[in-house]
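What follows is the residue order along each chain.
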Amino acid sequence: MVLGLDLGPHAAFIESAYAIAVVILAALIIWVVADHRRQARRLADLEAYGKGRRAEPDTGFSGKVESG
Amino acid sequence: MPLIDLANPTRFRTLADRILPWLGAATILAFALGLQQAYFAPNDYQQGATVKIMFLHVPSAWLSTMAWGVMSVAALGTLVWRHPLADVAAKSAAPLGAAFTLLCLITGSLWGRPMWGTYWVWDARLTSELVLFLMYLGVIALWHTIDDPGRAARAVAVLTLVGALDLPIIKFSVDWWNTLHQPASVFRVGGSTIDRSMLIPLLIMAIAFTLLFFTLHLAAMRNEIMRRRVRTLLMLRADAAGGH
């Protein structure tokens, strides 16, 4: 019996499937959130470093620096 | 807002910051409803309670192919339209697609053992899904192999479009070959063969999985944009240090 539910003779397979789904989806969410915190911290550090030196161009996606 | 306006990273990040809480809340609500419906769904007359694995397996299978579809459209965006967001979208979708494909394979295996008597069989559906998983790993590896994001994007785009050939093979494998895997039972000519009492929870879970995918994809795209901004700033810093 799981949460008042009789899952029958194959309960272990059903429970394993749901447990693994929780683990995989939780890992995805944690990875995305942790990555966001890491990038935000690095960006804040770099922008703080650059402040006062000169205005940084907002170059964005490609990593190429557009001068001008 | 025209799509090209989103190429501005600040504007995209602002938009993502605004949308993500709503998408996240919708995802939680959809999962709460879907799991409640799955809990109360009746057992199948043949499969018993193992049919509850379907509520995980089928949505993750759909997402596994949808994520590659998103990457394929993004690949066209990279190669044809050269939209700067395209490769960001492709790179962010790959790990998500890999995770959903892995979940599909594991839950399918756990469903197969009690129903078929085996965890795995080399039939066309299972094998083509495994190939999809390996292609995801290949694409992720390629992104990490090439240092320059622009060059990596073009190489990955070509690989993605070639790999898209696997999508119709997955879809029609159960029609083209004799497979242990059952044929299509939801989206098919003549309507679904699944009873409404199980179909409704399945569709709600599919919506929940899809919302989760788009939430994580948007968040991962925002992260990737920030990562590229970090890379640019590091290069500027290195240039400045080299100039003195």
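Keep in mind that what you see is a predicted model, and the values were worked out from it rather than measured.

Reading guide: rules and limits
Residues numbered from 1 in each chain as written. Chains lettered and ligands numbered in written order. Predicted model: local features only at pLDDT ≥ 70, side-chain atom pairs only at ≥ 80, totals over all residues. Heavy atoms only, no water. Contact = heavy atoms within 4.5 Å. Buried area = accessible area lost by both parts, 1.4 Å probe. Salt bridge = Lys/Arg side-chain N within 4 Å of Asp/Glu carboxyl O. Polar contact = N/O pair within 3.5 Å; in protein donor to acceptor, adjacent residues only side chain to side chain. Nonpolar A, V, L, I, M, F, W, Y, C, P; charged D, E, K, R; others polar. Core = buried A, V, L, I, M, F, W, Y, C linked by side-chain atoms within 4.5 Å. Buried < 20%, exposed > 50% of the residue type's maximum accessible area, 1.4 Å probe, protein only. Helix = DSSP H or I, 4+ residues; strand = E, 2+ residues; numbered from the N terminus.

Caption draft 1: Summary view of the interface of chain A and chain B. On the chain B side, the residues contacting the 39 residues of chain A number 56 residues. Carbon and sulfur atoms make up 72% of the area that chain A and chain B hide from each other, which totals about 4200 Å². Our enumeration of links across chain A and chain B arrives at two salt bridges. Close ionic contact of R229(B) with E47(A) constitutes a salt bridge, the shortest N to O distance being 3.8 Å. For the pair chain A and chain B, the interface holds four residue pairs in polar contact (both at pLDDT 80 or more). In terms of residue class, the side of chain A that touches chain B is built from 22 nonpolar, nine polar and eight charged.

Caption draft 2: Here's a closer look at the nonpolar core. Grouped together as the largest cluster of nonpolar side chains are 72 residues, with contacts concentrated most on L25(A), M54(B), W68(B), F100(B) and F209(B). For this core, the secondary structure elements donating two or more residues are α1 (11–50) of chain A together with α1 (9–40), α2 (54–81), α3 (86–116), α4 (124–145), α5 (149–163), α6 (166–176) and α7 (196–243) of chain B. The residues contacting M54(B), other than those within four sequence positions of it, are P59(B), W111(B), I194(B), M198(B) and L202(B). With six residues, the next largest nonpolar core counts L43(A), L46(A), V230(B) and L233(B) among its residues.

Caption draft 3: Main features of the pattern of salt bridges. All told, the structure shown has eight salt bridges over all chains when counted by the stated rule. When the shortest N-O distance is used, the salt bridge between R38(A) and D35(A) registers 3.1 Å. With R38(A) and D35(A) both in helix α1 and three residues apart, this pair spans about one turn of that helix. Classification of D35(A) as buried rests on a relative accessible area of 3%. Put simply, R227(B) and E224(B) hold a salt bridge, and the shortest N to O gap is 3.0 Å. Within this pair, R227(B) and its partner E224(B) are both found in helix α7, separated by three residues, close to a single helical turn.

Read these as spatial facts, not as claims about activity.
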